[in-house]
Amino acid sequence: TVVGNPVMHHLFLGYDPVPLGVAPFKLKTAKAVIESSKNLNLSINENASVYTLPCLAGHVGADAAAVILSEKPYKKSSYSLIVDVGTNAEIIVGNKDKVLAASSPTGPAFEGAQINSGQRAAPGAIERVRIDPETLIAKIKVIGSDLWSDEPGFFDETEKIGVTGICGSGIIEAIAEMYLCRIISSEGLIQEQKEKLSDRVFKNGRTFSYLLYEGDQKIIVTQNDIRAIQLAKAALYAGAKLLMDKIGISQVDKIRFAGAFGSHIDVKYAMMLGLIPNCKIDEVTSAGNAASTGARIALLDLDSRKEIENAVENIEKIETATEPLFQEYFVKAMAIPHESDNFSELETIFKLPETANVEIRSKRKRRRT
């Protein structure tokens with residue numbers, strides 16, 4: 001059994017992927033495909049058959065179908081939000097009555113690209129961040145070590161791997177912590193008055209930056225980094241809100257992160273950033289590599305193939321790019337955690353700062369008049 005995003009799906013089957021890159025993002029076929037290994041030039045038993053799960057839409061592929069098969073939202077009475085975060089985030093919302101799916105263009109920021117000190121999640125990458133609200137000094141954890149940077153033995157333990165950059169889960173925590181410590185406003189702007197309180201905040205060209213870690217390499221968070229993450233998280237949130245809106249719910253009962261990114265993220269910081277909507281934090285969990293799980297289910301259980309084929313036919317696909325409300329939801333989701341939506345669950349976890357910078361509020365008021 002084979003799953004993958006629409007481009008990988010088409011390349012594997014020998015289909016031309018070019019139409020997927022231009023509107024209306026037309027698939028060669030959305031149906032499940034059964035083909036012989038011989039015809040696909042696979043170096044396995046030439047009598048083997050290969051089953052490729054169905055796709056949902058031009059940006060929502062067989063990997064999303066496998067996630068749906070693994071999670072089975074169409075069999076549950078409670079409402080689930082399932083997200084697989086990548087350059088495009090696949091978003092599924094629904095229950096046994098109705099399931100909607102969409103793709104949202106989050107870009108590569110969560111994967112370390114477009115970030116000043118960004119890198120993939122590998123040994124040496126900062127994956128956890130906590131900032132002291134008084135000194136504004138951060139302590140960090142890196143992949144490959146269980147110690148925080150302020151604990152004895154950290155430098156000995158990380159001597160071989162180093163502190164080489166920051167990965168997706170690390171930049172989410174860094175920006176969320178910067179907001180909690182009032183280094184940045186809810187609009188994502190680094191507050192220049194913090195420069196007078198700590199040398200961790202410093203002028204960097206025309207904007208300000210924050211020194212996260214100083215070692216063999218300086219790891220800094222720039223204003224551009226914050227903006228890239230805001231754009232990515234706003235796209236995901238707007239897509240999720242759009243689907244919830246179409247189903248007619250203001251809150252989901254459960255949120256599941258699929259994929260490698262979701263396995264490493266601290267869900268409370270994802271909510272603090274506004275990456276996901278308000279939900280009981282105990283109900284926000286990782287599904288691990290759900291696409292792989294779905295592929296294995298389809299391999300071992302023949303009945304499940306017909307099940308996912310029927311399920312996909314009944315899922316409503318939403319094209320976010322053509323939805324009038326998407327842009328409005330996107331703009332409001334740029335704020336941390338959000339300009340106006342309810343995030344009451346965060347109040348049970350964090351001591352939240354004021355929701356907006358007074359000076360920026362007054363500027364907005366002047367612009368409106």
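The shown structure was predicted, so the numbers you read here are calculated from the model rather than taken from an experiment. (Residues numbered from 1 in each chain as written. Predicted model: local features only at pLDDT ≥ 70, side-chain atom pairs only at ≥ 80, totals over all residues. Heavy atoms only, no water.)

**Brief notes about the overall build of the protein**
Scanning the protein from terminus to terminus reveals eleven helices and 14 strands. Expected size for 369 residues packed as a compact globule is a radius of gyration near 21 Å; at 22 Å, the protein falls within 12% of this value. Across its three principal directions, the C-alpha atoms of the protein cover 70 × 55 × 40 Å. In the protein, buried positions account for 53% of the 369 residues. Nonlocal contacts in the protein, meaning residues at least 24 apart in sequence, comprise 62% of its contacts between residues at least 6 apart. Accessible surface, the protein: about 17,600 Å² in total, of which carbon and sulfur atoms supply 49%. Counting 43 positive and 47 negative side-chain charges, the protein places the averaged centre of each group 5 Å from the other. (Helix = DSSP H or I, 4+ residues; strand = E, 2+ residues; numbered from the N terminus. Rg over C-alpha atoms; globule rule 2.2 N^0.38 Å. Buried < 20%, exposed > 50% of the residue type's maximum accessible area, 1.4 Å probe, protein only. Contact = heavy atoms within 4.5 Å. Areas by Shrake-Rupley, 256 points an atom, 1.4 Å probe, with all protein chains shown as cover. Lys, Arg positive; Asp, Glu negative; His and termini not counted. Charge placed at Lys NZ, Arg CZ, Asp CG, Glu CD.)

**Brief notes about a negative patch on the surface**
Taken together, the side chains of Asp146, Asp156, Glu157 and Glu159 make up a negatively charged region of the molecular surface. Topologically, Asp156 is positioned in helix α3 (residues 154-157). (Patch = residues over 30% accessible without salt bridge, like charges linked within 9 Å, V, L, I, M, F, W, Y side chains within 5 Å. Salt bridge = Lys/Arg side-chain N within 4 Å of Asp/Glu carboxyl O.)

**Brief notes about the nonpolar core**
Across soluble globular proteins, nonpolar side chains have a tendency to be buried as a group. Judged by nonpolar contacts, the single largest core of 82 residues is most densely connected at Ile126, Ile183, Leu212 and Phe257. Sequence-distant contacts of Leu212, defined by excluding residues within four places in its chain, comprise Ile126, Val129, Ala138, Ile140, Ile166, Ala174, Arg200, Ile219, Ile220 and Val221. (Core = buried A, V, L, I, M, F, W, Y, C linked by side-chain atoms within 4.5 Å.)

**Regarding the sheet that holds strand β11 (residues 218-222)**
An order of β9-β10-β11 is seen for the three strands of this open sheet, with the pairing classed as antiparallel. The strands lining the two open edges of the sheet, one partner per strand, are β9 (201-204) and β11. Strand-to-strand twist in this sheet, taken as the mean axis angle between neighbours without regard to direction, amounts to 40°. In this sheet, β11 lies alongside strand β10 (residues 207-214) in antiparallel orientation, the contact comprising five bridges. Residue pairing in the sheet places Leu211 in a bridge with Ile220 of β11. Contacting β10 and β11, helix α4 (residues 168-180) crosses the sheet at an angle of about 60° to β11. Its contacts with the sheet place helix α5 (residues 223-247) against β10 and β11, and it is angled at close to 60° to β11. (Pairing = 2+ DSSP bridges. Axes fitted to C-alpha atoms, helices over the stretch in contact; angles between N-to-C directions.)

**Quick word on a nonpolar patch on the surface**
Nonpolar side chains collect at one region of the surface, where Val7, Met8 and Leu11 lie side by side and expose about 280 Å² of accessible area between them. Looking at the element boundaries, Met8 is found in helix α1 (residues 6-13).

**Regarding the environment of Ile247**
By secondary structure assignment, the location of Ile247 is in helix α5. Ile247 sits 94 residues away from Asp341 along the chain, and the two C-alpha atoms are 17 Å apart.

**Regarding the packing of helix α2 (residues 62-71) against helix α8 (residues 290-300)**
Following both chains from N to C, one finds α2 and α8 inclined at 75°, their axes separated by 7 Å at the closest point. Judged by the angle between their axes, α2 and α8 are roughly perpendicular. Contact residues: Asp63, Ala66, Val67, Leu69 and Ser70 in α2; Ala290, Ala291, Thr293, Gly294, Ala295, Ile297 and Ala298 in α8. A breakdown of the residues in the contact of α2 with α8 according to their chemical character gives eight nonpolar, three polar and one charged. (Parallel < 35°, antiparallel > 145°, perpendicular 65-115°, else oblique. Nonpolar A, V, L, I, M, F, W, Y, C, P; charged D, E, K, R; others polar.)

**Quick notes on the pairing of strand β12 (residues 254-258)**
Of all five residues in β12, four are buried, a share of seventy percent or more. In this sheet, β12 lies alongside strand β3 (residues 80-84) in parallel orientation, the contact comprising five bridges. Looking across to β12, one finds that Ile82 is bridged to Arg256.

**Focus: the packing of aromatic side chains**
The tally for this structure, following the rule as stated, stands at four aromatic pairs. A ring pair is formed by Phe154 and Phe155, whose centres lie 5.3 Å apart and whose planes are at 85°; its orientation type is edge-to-face. The exposure class assigned to Phe155 is exposed, which follows from its relative accessible area of 52%. Over the aromatic face of Trp148 sits the side chain of Lys139, whose NZ or CZ is 5.1 Å from the ring centroid. Over the aromatic face of Tyr329 sits the side chain of Lys241, whose NZ or CZ is 5.1 Å from the ring centroid. (Phe/Tyr/Trp six-rings, centres within 6.5 Å; stacked < 30°, edge-to-face > 60°. Lys NZ or Arg CZ within 6 Å of the ring centre and 35° of its normal.)

**Quick word on the sheet that holds strand β8 (residues 165-166)**
Spatial ordering of the open sheet is given by β7-β6-β8, a layout of three strands whose pairing is mixed. Looking at strand neighbours, the two that pair on one side only are β7 (138-142) and β8, the edges of this open sheet. Bridge analysis of strand β6 (residues 125-131) against β7 gives five bridges, and the strand direction is antiparallel. Opposite Ile131, over in β7, you have Ala138 as the bridge partner. In the packing of α4 onto the sheet, the strands contacted are β6 and β8, and the crossing angle to β6 comes to about 15°.

**Points about the packing of α8 against helix α9 (residues 302-314)**
Where α8 meets α9, the closest approach of the two axes is 5 Å, and the angle between their N-to-C directions is 125°. The orientation of α8 with respect to α9, classified from their angle, is oblique. Note on element contacts: α9 touches α8 through Leu302, Ser304 and Arg305, opposite Ile297, Ala298, Leu299 and Leu300. Considering only residue class, the contact of α8 with α9 consists of five nonpolar, one polar and one charged.

**Re the confidence of the model for the protein**
Residues with a pLDDT of 70 or more make up 96% of the protein, whose mean pLDDT is 92. Model confidence for the protein, summarised as mean pLDDT per element, is weakest for helix α11 (residues 358-368) at 45 and strongest for β7 at 98. In the model, residues 356-366 has pLDDT below 50 throughout and makes twelve contacts with residues more than four positions away in sequence or in other chains. (pLDDT = per-residue confidence, 0-100.)

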